[in-house]
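Fold and geometry: a report
Below, each chain spelled out in residue letters.
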Number of protein chains: 2
Amino acid sequence: MSSTFYPPQRTLMGPGPSDVSARVLAASARPTIGHLDPEFVGLMDDVKRLLQFAFQTRNELTIPLSAPGSAGMEAAFVNLLEPGDTAIVCQNGVFGGRMKENVERCGATAVMVQDRWGDPVDPEKVAAAIAANPNAKVLAFVHAETSTGVRSDAEQLCQLAKAAGMLTIVDAVTSLAGIDLQVDAWGADVVYSGTQKCLSSLPGIAPITFSADAVAAITSRTHKVQSWFLDMNLIMGYWGEGAKRAYHHTAPVNAIYALHESLLMLEEEGLQASFARHRDNHTALASGLADLGLELAVAEPWRLPQLNAVMIPEGKDDAATRSRLLADFNLEVGAGLGELAGKQWRIGLMGSSSHAVNINRCLSAFEAVLAS
Amino acid sequence: MSSTFYPPQRTLMGPGPSDVSARVLAASARPTIGHLDPEFVGLMDDVKRLLQFAFQTRNELTIPLSAPGSAGMEAAFVNLLEPGDTAIVCQNGVFGGRMKENVERCGATAVMVQDRWGDPVDPEKVAAAIAANPNAKVLAFVHAETSTGVRSDAEQLCQLAKAAGMLTIVDAVTSLAGIDLQVDAWGADVVYSGTQKCLSSLPGIAPITFSADAVAAITSRTHKVQSWFLDMNLIMGYWGEGAKRAYHHTAPVNAIYALHESLLMLEEEGLQASFARHRDNHTALASGLADLGLELAVAEPWRLPQLNAVMIPEGKDDAATRSRLLADFNLEVGAGLGELAGKQWRIGLMGSSSHAVNINRCLSAFEAVLAS
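Please read all numbers here as calculations on a predicted model, not as lab measurements.

1. Some thoughts on the overall build of chain A
Along the backbone of chain A there are 13 helices and 13 strands. Its C-alpha atoms give chain A a radius of gyration of 21 Å, within 12% of the compact-globule value 21 Å for 372 residues. Projected onto the principal axes, the alpha-carbon positions of chain A cover approximately 65 × 55 × 45 Å. Counting only residues that meet the buried cut, chain A has 58% of its 372 residues in that class. When contacts within chain A are restricted to residue pairs at least 6 apart in sequence, long-range pairs at least 24 apart make up 72% of them.

Written as C-alpha cells, this is what we have:
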C-alpha cells in the first residue's frame, strides 16, 4: 500500500509550470461546488471578464477550456478548419510543428513557413506565403516560442493576414500576462494560452478567445467540428454570453477557482506593471548569467523576458547539471526541446517565478554547480 | 475590481461532482512541481498502479487523461475507430447519444441499439445487432447511465462482443468505485471514467484503461488519430510502461495529487467495502424516500446505488424545489437530463457523498421543502 504524496518545495524556473503562490493554492482547495451551481455560474462570468482584461479584448467568447494549452491549440484548429482548407503555419520551434500536426489531422493542408529555431518568424516570408496562397483560410503562428525563448511580431503578422482576409490563430501559451498581447488592437482571431506559465495558476486549463469573425466561421461550418469535446458550437451553450449554461461537460471547478485567483492577482498588479516586472527581472537575470559566463541564445530584440534560452557551456553535462540543481537546490530549469536538446537550458521567469528571490537562487545555484 | 471567491459549503448529492473530502482538497493544494520532475514521475507510477486496482485490471496502459470524462469518451472512440469503421452503440440515456456523436465525428458509422430511457441495455437486441453487423469493429455502451440511474450488464455485453471478435468501449464514468467493474474478468477493452463521481476527487480528469487488444488496434492504425491531444500513440510516450516520459503536454499536476489521494482512500477502504457502502446507503435512502412518498424511477434490479432517479411528484415544481433545497439547505440534487428534464430528480450517493450524514440531510430537507 502506498502513502500520501508530499511534493518537495521546488523553485520552478523551467518552461512551466511556474511557482504557484500560496494564495492561488489556497483558492484551489476551497470546497468543490457543482458546475451548474448559481454561485459557480457567477464565478464563470467573473473569470470571463478577467480573461478579457488579460487578453486585452472585448471578445464575448473568451473562456477557460477544461484542458491544457495543447487542447487550446487543438480547439483553435478543429473549430476554424474544415477538410480541404489551407492554413499557412509558421514554424520556428517545436510548437509550430505541433500546429502542422493539428492542421493535417483536420484534413486540411499546411503550407509551412520555416525559420531557424532561435529566430523570430520572418514577416517577409509570411507575406510571400500569403501571396502564393491567396485562398488560405488561416495564418497560424506562435507569439512566444516556449521551445526557443523567442518572441515574434504578432502585431505585424496579424496585419498581414487581415490584409489578405485570412483568420489568425495565435499561440500565446507563454506570452499571456508576460509580454504585451493586444488581441483586439492587433486583430487576432483565435488566441489561446495556458494557466501554468505567466498566470502562475495550476496547470491544466487553456484560456482562449475568439473574435466575432472566428465565431462567424465556426457557426457557419459545413462539417461538424471533429472533436465533440472541443466543439465551440456546443461549449458556447455552457460558457457563452446569455447562454442557458446547458450541461456540456463537468467543468474542473477547483482549477477555475485557482485561475480566478491568479487573474485577480494580475488585475491588482496591472498588466503594464506585470510586463515591466517580467522585463526588469529578465534584465537582472541576463546580467547575472553574463557574469557567470553564460550566454543567451536569442538575439536581444527577440528575447522573451519570461523564458531565457541559455547556451550550455562547452564541456558541461546537460542532464547532470540539471539533476544537481534539482537535488541540491530544489531548482528546476528546463532542458532544450527537439533539436535544441542538449544544447540549451531554458530558464523561466514566469508569473510568480519572476521575482528577485528566484533570480538570486538561480544565480547562486548555477555558480555553485558550474564551479564544481 | 472583483474579489476572492469563497464558495458555499454545499452537500453535493447530484450526478457529480460529489463531496470532495478535506483530505483530497489538502492534497490538491500542495506545492506544484514540474510534470517531468522525478518525484512526479514516481507519483505517476503509483497513480497507474492504484488505477489498475480500481479498474480491477492488469492493463499496462491505465492512466489519467488530462481532461474530463467527456474527453475520456472521445479518447476511446478516436483511438479505436478509423474512417469507414462501424460501431454498434447502445443508447438508453443521454450518454449513448453522445457516443453516437463521437462515432460519426470519426467518419465511422454508428449502428444504434435503442432502449427506453430508464431501462438497461437489452442483450438480446445487442446480439441481434452483432449478428446483423458482423464486420462492426466496436461495441460501445454505458455501464452506469448517469442520466437515468440505470446499470446495464457490462459482463454479458462484453461477452457478446468478444464472441464476435469485436472490441468494447465501456463508459464507466459513474460506475468506477461505486459498483463492481471487472475490466479484466469481463474482457472489456477500453474503459473510461471521471474523477468527480465515486472517486470523489476534483473534477477534470478521466481515468482510462486499454487492453492489449485495444493497444494493438491503436498502434496498427492506418490513419493518424484525428486528435493530437488525445492520440494514445503519443500519450504512451509520457505515461507508458518504461516510457522515456517524453514531453507531450503539461500534466495537471495538482489534480493528479488529488486523484492519488482519493485512490489511496479507496485502497484503504477496499473495493468490496466501497461497493457495500454504496449499496447499503442506497437502501437506506430508498427506504427514507419511500416514507416521504417519493418513488424511484428504475426497476429494482437495475438501480444504481450511487445515483437514484426519483419521480417528481404530481404538482411539485422541479426548479423551485431544487432552488429551495440549495438556498435553504445548501443541498445540491440533480435535475433530469434530456427527455427526463422536469420529470425526475437525480440524487447522488457517490464516493464521499455516500454517507449516513448526507442521507439524513437529504431526507430532512426534502421533507421540509415538499411539505411547504
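2. Focus on the interface of chain A and chain B
Each side of the interface is counted separately: chain A has 65 residues, and chain B has 64 residues. Secondary structure elements with two or more residues in the side of chain A that touches chain B: helix H1 (22-28), helix H2 (38-55), helix H3 (69-80), helix H4 (94-105) and helix H10 (253-269) of chain A. Grouping the amino acids of the side of chain A that touches chain B by side-chain chemistry returns 30 nonpolar, 22 polar and 13 charged.

3. Considerations on the relation of the copies chain A and chain B
When chain A is brought onto chain B, the operation consists of a screw motion whose angular component is 180 degrees and whose axial shift is 0.0 Å, with 0.0 Å RMSD remaining. This pairing of chains is accounted for by a two-fold axis. Take the interface residues of chain A: 98% of them recur as interface residues in chain B, which is what a same-surface contact looks like.

4. Here's the deal with the environment of Thr 148 of chain B
All names here are of chain B. As for its position among the elements, Thr 148 is in the loop between strand S6 (144-145) and strand S7 (150-151). Overall, Thr 148 belongs to the buried group, with 31 C-beta atoms counted inside 10 Å. Sequence separation between Thr 148 and Lys 162 is 14 residues, and the spatial gap between their C-alpha atoms is 27 Å. For Thr 148, the residues in contact, after removing those within four places along its chain, are Asn 92, Gly 93, Trp 117, Gly 118, Val 298, Ala 309 and Leu 340.

5. A look at helix H12 (residues 318-329) of chain A
Given a rise of 1.5 Å per residue, 12 residues ought to cover 16 Å, and the 16 Å separating the end C-alpha atoms of H12 of chain A matches this to within 8%. Where H12 of chain A terminates, the next one or two residues include Asn 330 of chain A, which has phi positive at roughly 50 degrees.

6. A few points about the sheet that holds strand S11 (residues 307-311) of chain A
All names here are of chain A. Read across the sheet, 4 strands follow the order S1-S12-S13-S11 without closing on themselves; strand pairing throughout is mixed. Either end of the sheet is taken by a strand with one partner, and the two such strands are strand S1 (11-13) and S11. Ignoring which end each strand starts from, the neighbouring axes of this sheet average 30 degrees apart. Direction of pairing for S1 relative to strand S12 (residues 331-335): parallel, over a ladder of 3 bridges. Note that in S12 the partner of Met 13 across the bridge is Val 333.

7. A closer look at the nonpolar core
Leu 80, Ala 87 and Val 138 of chain A together with Leu 80, Ala 87 and Val 138 of chain B are the most contacted members of the largest nonpolar core, which totals 239 residues. With residues near it in sequence (within four places) discarded, Val 138 of chain A still touches Leu 80, Leu 81, Ala 87, Met 166, Leu 167 and Ile 169 of chain A.

8. Quick notes on the confidence of the model for chain A
For chain A, mean pLDDT is 97; residues scoring 70 or higher make up 99% of the total. The complex prediction reports pTM at 0.98, with the ipTM value standing at 0.97.

9. Focus: the packing of H3 of chain A against H4 of chain A
All names here are of chain A. Between H3 and H4, whose axes approach to 9 Å, the crossing angle comes to 40 degrees. Here H4 runs oblique to H3, going by the angle between their axes. Here H3 and H4 pass one another in a crossing that is right-handed. Contact with H3, carried on its side by Met 73, Glu 74 and Phe 77, involves Arg 98, Met 99, Asn 102 and Val 103 of H4 and no other residues of that element. Class assignment of the residues belonging to the contact of H3 with H4 gives a composition of 4 nonpolar, 1 polar and 2 charged.

Criteria and thresholds
Residues numbered from 1 in each chain as written. Chains lettered and ligands numbered in written order. Predicted model: local features only at pLDDT ≥ 70, side-chain atom pairs only at ≥ 80, totals over all residues. Helix = DSSP H or I, 4+ residues; strand = E, 2+ residues; numbered from the N terminus. Rg over C-alpha atoms; globule rule 2.2 N^0.38 Å. Buried ≥ 20, exposed ≤ 12 C-beta atoms within 10 Å, placed from the backbone. Contact = placed C-beta atoms within 7 Å. Nonpolar A, V, L, I, M, F, W, Y, C, P; charged D, E, K, R; others polar. Least-squares fit on C-alpha atoms with pLDDT ≥ 70 in both. Expected span 1.5 Å × (residues − 1). Pairing = 2+ DSSP bridges. Axes fitted to C-alpha atoms, helices over the stretch in contact; angles between N-to-C directions. Core = buried A, V, L, I, M, F, W, Y, C linked by C-beta atoms within 7 Å. pLDDT = per-residue confidence, 0-100. Parallel < 35°, antiparallel > 145°, perpendicular 65-115°, else oblique. Left-handed = near helix turned anticlockwise from the far one by under 90°.

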